[in-house]
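Spelled out, the chains give:
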Amino acid sequence: MARGTSQGGLTDAVRYDIAQLHTGWMGLFFPRQRQQAHSVLGKWKPQSTTGKVAYSVWSVVGTLVVALFYPFVLFGFAVRYYTSKIDRTAASLGVLGVVLLSAVVWGGLAAVARYRFSTEGFYAVAAAGGVATVAAAFSYLTSRYGGRVTTVLFAYPSGMTAIFLPPVVAALYSPTLSNVIFPNSTNLAVWLLNNVLTYRGIDEILRARFDLEGLAYVGMWFGIAVPVGWVLGFLVTLANLMRPKSA
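Just so we're clear, the structure is a prediction, and the values are computed from it rather than from any experiment.

A.B. asks: Tell me about the overall build of the protein chain, and name the residues and values.
C.D. replies: Along the backbone of the protein chain there are seven helices and zero strands. Taken from N to C terminus, the helices and strands of the protein chain fall in the order α-α-α-α-α-α-α. For 247 residues, the compact-globule estimate of 2.2 N^0.38 gives 18 Å, and the protein chain exceeds it by more than 25% at 24 Å. Expressed along its principal axes, the backbone C-alpha trace of the protein chain runs to roughly 75 × 45 × 40 Å. The buried share of the protein chain, taken over its 247 residues, is 35%. Here the contacts in the protein chain between residues at least 6 apart in sequence split such that 71% fall between residues at least 24 apart. Approximately 15,800 Å² of the protein chain is accessible, and the part contributed by carbon and sulfur atoms is 67%. Of the charged side chains in the protein chain, 19 are positive and 8 negative; the average position of the first set lies 18 Å away from that of the second.

Here it is in structure tokens:
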């Protein structure tokens, strides 16, 4: 019985989300689509034959658009769930706590590098940890005190940079890490070049100017961290618009 109730609740939630998305789509060109509980006007519908045809066609197009976008909304809900946990933890720590935690984590990696890597490797990992710590603090401050646009543009990319940078730098000096990170990075780079960066020959320009070796891996992952942060921020924003946290 409880399972059936849970499934029914999930079905109702999906229906609500889809209805809201479709209503928002219709509202782009047709006024007064959202029915207010105490509104005497109700939902607007065209009266002319031309208007009815346009309304129906736009509705069908909206159904297709919603079908394409809704999986991204669901992913946005999942991202929001985990980022909200991170946000609550960061809020409880404060900026000094975030800096200290980042310093402890990446300082531990630098300590390992001190005994396992060359002196050059130790300095590189320590510097990467320092940059990551600054990025983590910047992510916290822009998320805590900035608006939604600032959070999407700066907080999410900075957070991704704080996560990606030190391990990639460490992989330059650790055969164990390099055997894991670099082959997977190469496979990802090939996929991006063949499927994402083909617009206006961007892939050909990158292939001609850069060889994926050494510091190029660091540049690659920094280049990935920024758009990945933007995408995650956009998905969370979409989830918030779709269903605010208080809903």
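A.B. asks: Tell me about the pattern of salt bridges, and name the residues and values.
C.D. replies: With the rule as written, the count across this model stands at one salt bridge. Residues R207 and D203 are paired through a salt bridge, measuring 3.3 Å at the closest nitrogen-oxygen approach. Taken together, the residues R207 and D203, both in helix α6 (residues 202-209) and four residues apart, mark about one turn of the helix. For D203, a relative accessible area of 10% translates into the label buried.

A.B. asks: Requested: an account of the nonpolar core, with residues and values cited.
C.D. replies: Judged by nonpolar contacts, the single largest core of 18 residues is most densely connected at V125 and V169. Of all the elements in the fold, those that place two or more residues in this core are α2 (49-116), α3 (119-145), α4 (148-171), α5 (175-195) and α7 (215-242). Beyond its immediate sequence surroundings of up to four residues, V125 is in contact with L109, A110, A113, F117, V169 and A170.

A.B. asks: Could you give an account of the packing of α2 against α3, naming the residues involved and the relevant values?
C.D. replies: At their nearest, the axes of α2 and α3 sit 8 Å apart, and the two run at 175 degrees to each other. When the interaxial angle is binned, α2 and α3 end up roughly antiparallel. Looking at the contact of α2 with α3 residue by residue, the classes come out as 18 nonpolar, five polar and three charged.

A.B. asks: Describe α5, and please don't skip the residues or the numbers.
C.D. replies: Its 21 residues place the ends of α5 30 Å apart at the C-alpha level, agreeing with the 30 Å of an ideal helix rising 1.5 Å per residue. Regarding α5, the residues found buried are S178, I181, F182, S185, A189 and L193. Structurally, α5 contributes buried residues whose contacts are with α4, α6 and α7.

A.B. asks: Describe the packing of α2 against α4, and please don't skip the residues or the numbers.
C.D. replies: Where α2 contacts α4, the axes come no closer than 13 Å and their chain directions differ by 25 degrees. With respect to their mutual orientation, α2 and α4 come out roughly parallel. For the pair α2 and α4, the crossing hand works out as left-handed. Of the residues in α4, those touching α2 at T83, W106 and L109 are Y156, A162, I163, P166, P167 and A170.

A.B. asks: Which residues make up α4, and what values do they have?
C.D. replies: Compared with an ideal rise of 1.5 Å per residue, which puts 24 residues at 34 Å, α4 spans 34 Å between its outermost C-alpha atoms and is within 8% of the ideal. Its maximal kink placed at A155, α4 deviates by approximately 25 degrees, while the proline P157 follows within four residues.

A.B. asks: Which residues make up the environment of S143, and what values go with them?
C.D. replies: By secondary structure assignment, the location of S143 is in helix α3. Relative accessible area serves as the criterion here: at 27%, S143 is assigned to the partly exposed category. Excluding anything up to four places from it in sequence, S143 contacts D87, T151 and A155.

A.B. asks: So what's going on with the packing of aromatic side chains? Residues and values would help.
C.D. replies: Going through the model one piece at a time under the given rule, you end up with seven aromatic pairs. Note that R114 overlies the ring of F122, its terminal NZ or CZ placed 5.9 Å from the centroid.

Criteria and thresholds
Residues numbered from 1 in each chain as written. Predicted model: local features only at pLDDT ≥ 70, side-chain atom pairs only at ≥ 80, totals over all residues. Heavy atoms only, no water. Helix = DSSP H or I, 4+ residues; strand = E, 2+ residues; numbered from the N terminus. Rg over C-alpha atoms; globule rule 2.2 N^0.38 Å. Buried < 20%, exposed > 50% of the residue type's maximum accessible area, 1.4 Å probe, protein only. Contact = heavy atoms within 4.5 Å. Areas by Shrake-Rupley, 256 points an atom, 1.4 Å probe, with all protein chains shown as cover. Lys, Arg positive; Asp, Glu negative; His and termini not counted. Charge placed at Lys NZ, Arg CZ, Asp CG, Glu CD. Salt bridge = Lys/Arg side-chain N within 4 Å of Asp/Glu carboxyl O. Core = buried A, V, L, I, M, F, W, Y, C linked by side-chain atoms within 4.5 Å. Axes fitted to C-alpha atoms, helices over the stretch in contact; angles between N-to-C directions. Parallel < 35°, antiparallel > 145°, perpendicular 65-115°, else oblique. Nonpolar A, V, L, I, M, F, W, Y, C, P; charged D, E, K, R; others polar. Expected span 1.5 Å × (residues − 1). Left-handed = near helix turned anticlockwise from the far one by under 90°. Bend = angle between axes of the 7 residues up to and from the residue. Phe/Tyr/Trp six-rings, centres within 6.5 Å; stacked < 30°, edge-to-face > 60°. Lys NZ or Arg CZ within 6 Å of the ring centre and 35° of its normal.

These figures capture arrangement, not role.
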